[in-house]
Amino acid sequence: MDFSGKTIAVAITGGIAAYKACDLIRELYRRNAHRVICIMTPTAESFIPSLTLQALSRFPVYVSELAVDHAGVPIHIVVAQQADALLILPATADTIAKLAHGGADNLVTTSAITFTGKPVLVAPAMNTRMWDHPLTRQNLQTLRQLPHYSVIEPSSGSLACGETGEGHLADPETILQALYRAVHPQRNLFEGMRAVVTAGGTVEPIDPVRVISNRSSGKMGLALADELFAMGADVTLITTRPPVGRPYAVASVQTSAELREALGQRFEQTDLLLMAAAVSDYKVANPATEKIKREKSPETQLDLIANPDLLAELGERKRPGQLLVGFAAESSDLVRNATEKMRRKHLDAIVANDISRSDIGFESDENEVTLLFSELSPQILERAPKSVIARRVLGLIHDRLIAPKAKLKLVKPEGSAL
Ligand code: CTP
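Residues numbered from 1 in each chain as written. Predicted model: local features only at pLDDT ≥ 70, side-chain atom pairs only at ≥ 80, totals over all residues. Heavy atoms only, no water.

Colleague: Describe the site of the ligand, and please don't skip the residues or the numbers.
Modeller: Close to the ligand lie 14 residues, the nearest being M275, A277, F327, K341 and K345. Within the contact set of the ligand, an oxygen atom lies 2.9 Å away from a backbone nitrogen or oxygen of F327. One nitrogen or oxygen atom from the main chain of A329 is found 3.0 Å from an oxygen atom belonging to the ligand. The fraction of the free accessible surface of the ligand (560 Å²) that becomes covered by protein chains is 79%. (Near = heavy atom within 4 Å. Polar contact = N/O pair within 3.5 Å; in protein donor to acceptor, adjacent residues only side chain to side chain. Areas by Shrake-Rupley, 256 points an atom, 1.4 Å probe, with all protein chains shown as cover.)

Colleague: Which residues make up the domain arrangement of the protein chain, and what values go with them?
Modeller: Taken domain by domain, the protein chain comprises domain 1 (7–183) and domain 2 (194–409). Once you take the C-alpha centre of each, domain 1 and domain 2 turn out to be 37 Å apart. Contacts between the two partners involve 6 residues from domain 1, matched on the other side by 12 residues from domain 2. When domain 1 packs against domain 2, close to 780 Å² is buried across both sides, 49% of that on carbon and sulfur atoms. When the buried surface of domain 1 facing domain 2 is broken down by residue, Q177, Y180 and R181 rank first, second and third, together holding 75% of it. Viewed at the interface, domain 2 and domain 1 are joined by 1 salt bridge. We note a salt bridge from R246 to E173, for which the minimum N-O separation is 3.4 Å. At the boundary of domain 1 and domain 2, one finds 8 residue pairs in polar contact (both at pLDDT 80 or more). (Domains from an automatic or database assignment. Contact = heavy atoms within 4.5 Å. Buried area = accessible area lost by both parts, 1.4 Å probe. Salt bridge = Lys/Arg side-chain N within 4 Å of Asp/Glu carboxyl O.)

Colleague: Give me the lowdown on unusual backbone geometry, citing residues and values where you can.
Modeller: With an omega dihedral of -10 degrees, the bond running from L89 to P90 counts as a cis peptide bond. Among the secondary structure elements, P90 is positioned in strand β3 (residues 85–91). Positive phi, normally seen in glycine, also occurs at N32, with a value near 75 degrees. Along the polypeptide, N32 turns up in the loop between α1 (20–30) and β2 (35–40). Located in the positive-phi region is R58, a residue other than glycine, with phi close to 65 degrees. Following the sequence through the fold, R58 ends up in the loop between α3 (50–57) and α4 (75–82). For R58, a relative accessible area of 57% corresponds to the exposed category. (Helix = DSSP H or I, 4+ residues; strand = E, 2+ residues; numbered from the N terminus. Buried < 20%, exposed > 50% of the residue type's maximum accessible area, 1.4 Å probe, protein only.)

Colleague: Explain the pairing of strand β19 (residues 379–385) residue by residue, including any values.
Modeller: Here 5 bridges tie strand β18 (residues 366–373) to β19, and the two strands are oriented antiparallel to one another. Residue pairing across strands places N367 opposite A384, the latter belonging to β19. The turn linking β18 back onto β19 is made up of 5 residues. (Pairing = 2+ DSSP bridges.)

Colleague: Talk me through the layout of surface pockets; I want residue IDs and the actual numbers.
Modeller: In this structure, the largest pocket spans a volume of roughly 1000 Å³. Along the wall of the largest pocket there are 45 residues; nearest its centre are A277, A278, V279, F327 and A329. With 4 residues, strand β16 (residues 323–330) is the largest single contributor of residues to the lining of the largest pocket. Across the lining of the largest pocket, the residue classes tally to 20 nonpolar, 15 polar and 10 charged. The wall of the second largest pocket is formed by 17 residues, among which M1, R30, R31, D365 and S387 lie closest to the centre. Elements represented by at least two residues in the lining of the second largest pocket include exactly α10 (219–230) and α14 (386–411). The element contributing the most residues to the lining of the second largest pocket is α10, with 5 residues. Broken down by class, the residue content of the lining of the second largest pocket amounts to 5 nonpolar, 2 polar and 10 charged. The residues that make up the lining of the second largest pocket include at least three from each of domain 1 (7–183) and domain 2 (194–409). (1 Å grid on protein atoms, 1.4 Å probe; cavity = no way out; pocket = protein on both sides within 12 Å on 5 of 7 lines; lining within 4 Å. Points joined across faces, edges and corners; volume = space filled by probe spheres on them. Nonpolar A, V, L, I, M, F, W, Y, C, P; charged D, E, K, R; others polar.)

Shown next as structure tokens:
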């Protein structure tokens, strides 16, 4: 997630979850946000001092609905002019009620009613009874129906009041992902597409304790899934390293057999498959059901059998219009070996990684890849954070594989057999 160039307004209202805004502001800057503008209601100030937020947001924090900036411009107008998105966190039942009825009696509600044509994200947090109240439900429904509003659904959990139930502020990662999607420069690029991304190294048992696996961290696949979601796709991530707090479907698998089954269940309904998982090529023929004891077997041999090539199998089954993108881990002859894999597995593109380099790939947060298409020249994507590489890879996949087909559909004459 990269918020470069983006200004985010964070509006804090009076609930105990107000303190969670602090970490969020830091995360936004950590992910390159240009500026965070903080506004609050007077009640929010009882929960968290504006000075804390001022230090974290690096700018004055405004509380009064009559506040103006150094040039005398009212703050709710500054927010409307400068912010790319307005995040209300936490949104109390009272604020939600006011928003749903167009109220404007404090700086947060005044800013919200001025903030038209750009995304407003509402992250509710309150006691379960308030959350369950039919009026709160109705007010949220009113907000959901507004085209530029979205509600970041709260989770269930233990609430500050000691009760347990729904109304717990969504976790920070989910909030960031929703915000990222709202301000993403290419947010509609994959709209309407059903994408499956696989990630992580598969894990094959030797006995109940030991496994055969590989060094794949799953970070590249996760970055691709995050970017695809932000670009509007309907995403499913199938991974051996499930992340916390993602607003899209995540299926957790361990062995290559489980990955094969998970893919089999979804492949028919998939428009785009990005196969970033490092699938074990071998598994133990007969994994031991009891732990292998060193004293009983000072020497032991493992019989390995080959796993099926999942991508090659899917390449055989591919229907017209379906796009398959593979990943190639190569320690030599990168382009030649990757091109050969692309042909053999009937892929539309392949992302080749040079695994002989220790500064990129596997555990690293950065990568450098070569993207190959079957009929186009290779593209080298210079070293960058995996999220940036993911955005570039997806941009090229769109431009080279999806956009040309969309153009063809547009020019196809009525009744044409083309
Ligand atoms: N792959 C797969 N099933 C396997 C092995 C690999 O689906 N049993 C997929 C990977 O997810 C990747 C692509 O095939 O998208 C290439 O994987 P890679 O490990 O680079 O190549 P292999 O085909 O396994 O060939 P080799 O290990 O001999 O280079």
